[in-house]
Amino acid sequence: MKKLLLLVVASIFAMGQTFAQGTQEQTPQKPTITVCYRDAGLGEQETMYKWIKSAYDKWDKKDQVNLDIAPITASEGDYFTKIALQLADSKTCPDLVDEDTFQLPNDVEAGYLSNLDDLVKTYDDWQNGKYYGTMKQVVTYKGSVYGIPYCTDTRGLWYDRQILQDAGVIKAGEEWQPASWADVFSACEKVKANRPDVVPFWCNVGVATGEATSMQTYEMLLYGTGERLLDQNGKWIVSSKGMRDTLQFLQDVYVNKGYGPSLDLVLNGQAANTAFRQYFPAHKLAIALDGCWKCGNWKATGPAPVADYEHIFGFAKMPTQTGNNGGSITLSGGNAFSIPENADQKQWAFEFLKQLMDPEGGYLDSIIAQGNICTRTDILDVPQYANQPYFRLATKLLETAAFRPQNDQYPSVSTCIQTMVESVVSGTSIQDAIDQYGKDVTRIVGASNVVSLT
């Protein structure tokens, strides 16, 4: 009898297991899409987090799919390294990744990103002119689409109006617009003499600030000399007058004239945050060379709100070296969401990407909170967007904006630029820094792909 009872119990247990397995097969677990981006350390207060979470909450398909928001807390330079490791491993690869568009060609060549040609064919907004053509080109590499651009930008000179008034650079009610590098240095000299309690000039110069050092500082200056990184034959320029003049500008700011902040403030990954979230709000900084989106820090929704910030701070075009070559210079870049090749949920990822880019799904609120320029043509004239301070000038600068080389070698060359810039502001001679840059770039691209102009 005891044996019979045990057999009955075992049979019932087995039937329960079979039933449970059958139920599990009939109600499979919902898929999960993982979204990855760079977090500057704000967590759930980060603008990107708020955008992704809000878009998902409004999504009519959210009951069919789970969302995993997976930010990487890192400096800009470290983010590119960390995300490359995740993209290369199918076990850690996200389904959507925030890509700086300069990095896109390199990641395509590495096999990290999915070709989106078939997906955008059925994306009405992509096909019907809802995205600027120039921005579609930025995410197109060798004829194929590898991302959906969500922001673009321009760069210029931010300044504190009251400090420049105190220094005698401008009068009350005037806007500052320098005509040359000499005008910028003249303003810095007056600030140093009349407001010794503030930093006259700030720009990114460290390896830790990554592409911000390459693009927002070095290339803004180099392009202002009339030169570019590549010559007309597509060879990397490793020695030139423009390079020396650019590095001389930076050496004057940080070494010779003492216009910049101390190196411990700028040679770390939080340098730009320090400038715009601490020094500007405290009226301890006169002028900074950086991107148009930095005003997002001072909005009521930003990490360092400043009441009436649009009346306190100004935004000016960055002049070329002598005022020639069009008088001013700006570079434009931007970011896009891409779907990695190793992603598990590519179709769901693209569906959610469309939701992210829907003005009703949170895109409008997010692009305003970011302080960035929109990539959608149907946002430009929305009063809530168009009436933002500084945006008429920032958007107008796009008409003559220059871009970084769409070259898969550029990210590697960019790291050489950062090393060269940091070495100069740290005391290395300009010629020694250029010589080392030439060796580093030649090692990366090959001797047949470099050229010296002097």
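Analysis parameters
Within every chain, residues take consecutive numbers counted from 1 along the sequence as written. Per-residue local features are limited, in this predicted model, to residues with pLDDT of at least 70; the limit for side-chain atom pairs, both in listing and counting, is 80 or more; totals at the level of whole chains, interfaces and linings are taken over all residues. The side-chain figures draw on all heavy atoms in the structure; neither hydrogens nor water molecules are used. For each domain, the first and last residues come from an automatic or database assignment. Note on contacts: a residue pair is in contact if any heavy atoms of the two residues lie within 4.5 Å. Buried area counts how much accessible surface, traced with a 1.4 Å probe, disappears from two parts once they are put together, with both parts' losses summed. By definition, a salt bridge exists where a carboxyl oxygen of Asp or Glu is found within 4 Å of a side-chain nitrogen of Lys or Arg. Whenever two N or O atoms come within 3.5 Å, that pair is a polar contact, provided that in protein one can donate a hydrogen and the other can accept it, and provided that, for residues adjacent in sequence, both atoms are side-chain atoms. Think of it this way: any DSSP run of H or I at least four residues long counts as a helix, any run of E at least two long counts as a strand, and we number them from the N terminus. Buried residues of nine kinds, namely Ala, Val, Leu, Ile, Met, Phe, Trp, Tyr and Cys, make up a nonpolar core once their side-chain atoms join them within 4.5 Å. Each residue's exposure class comes from its accessible area (1.4 Å probe, protein chains only) as a fraction of the maximum for that residue type: buried when under 20%, exposed when over 50%, partly exposed otherwise. At least two bridges found by DSSP between two strands are what make those strands a pair. Axes here mean lines fitted to C-alpha atoms, for a helix over just the part in contact, with angles spanning 0 to 180 degrees between N-to-C directions.

Asks: Summarise the domain arrangement of the protein chain; cite the residues concerned and give the values.
Replies: Under the domain assignment used here, the protein chain contains domain 1 (33-153 + 333-403) and domain 2 (155-331 + 407-452). Just the C-alpha atoms count here: the centres of domain 1 and domain 2 sit 26 Å apart. Across the boundary between the two partners, domain 1 contributes 31 residues, which contact 35 residues of domain 2. In this assembly, domain 1 packs against domain 2 so that about 2500 Å² is buried in total across both faces, 62% of it on carbon and sulfur atoms. Connecting domain 1 to domain 2 are one salt bridge. Here domain 1 is connected to domain 2 by seven residue pairs in polar contact (both at pLDDT 80 or more). Contributions of two or more residues to the side of domain 1 that touches domain 2 are made by helix H3 (76-88), helix H4 (104-109), helix H16 (363-370) and helix H18 (391-396).

Asks: How would you sum up the nonpolar core? Please name residues and give values.
Replies: Counting 137 residues, the largest nonpolar core has Phe201, Ile287, Trp298 and Phe352 as the members making the most contacts within it. No fewer than three residues from each of domain 1 (33-153 + 333-403) and domain 2 (155-331 + 407-452) sit in this core. What Phe201 contacts, discounting residues up to four positions off in sequence, is Leu157, Val184, Cys188, Phe249, Val253, Tyr259, Gly260, Pro261, Leu285, Ile287 and Leu289.

Asks: Lay out the sheet that holds strand S10 (residues 199-202) in plain terms, naming residues and giving numbers.
Replies: Here we have four strands laid out as an open sheet, ordered S10-S12-S9-S13, and mixed in their pairing. In this open sheet, the two strands that pair with only one neighbour each are S10 and strand S13 (313-316). Direction aside, neighbouring strands of the sheet carry axes that sit 20 degrees apart on average. For S10 and strand S12 (residues 285-291), the ladder comprises three bridges, and the chain directions are parallel.

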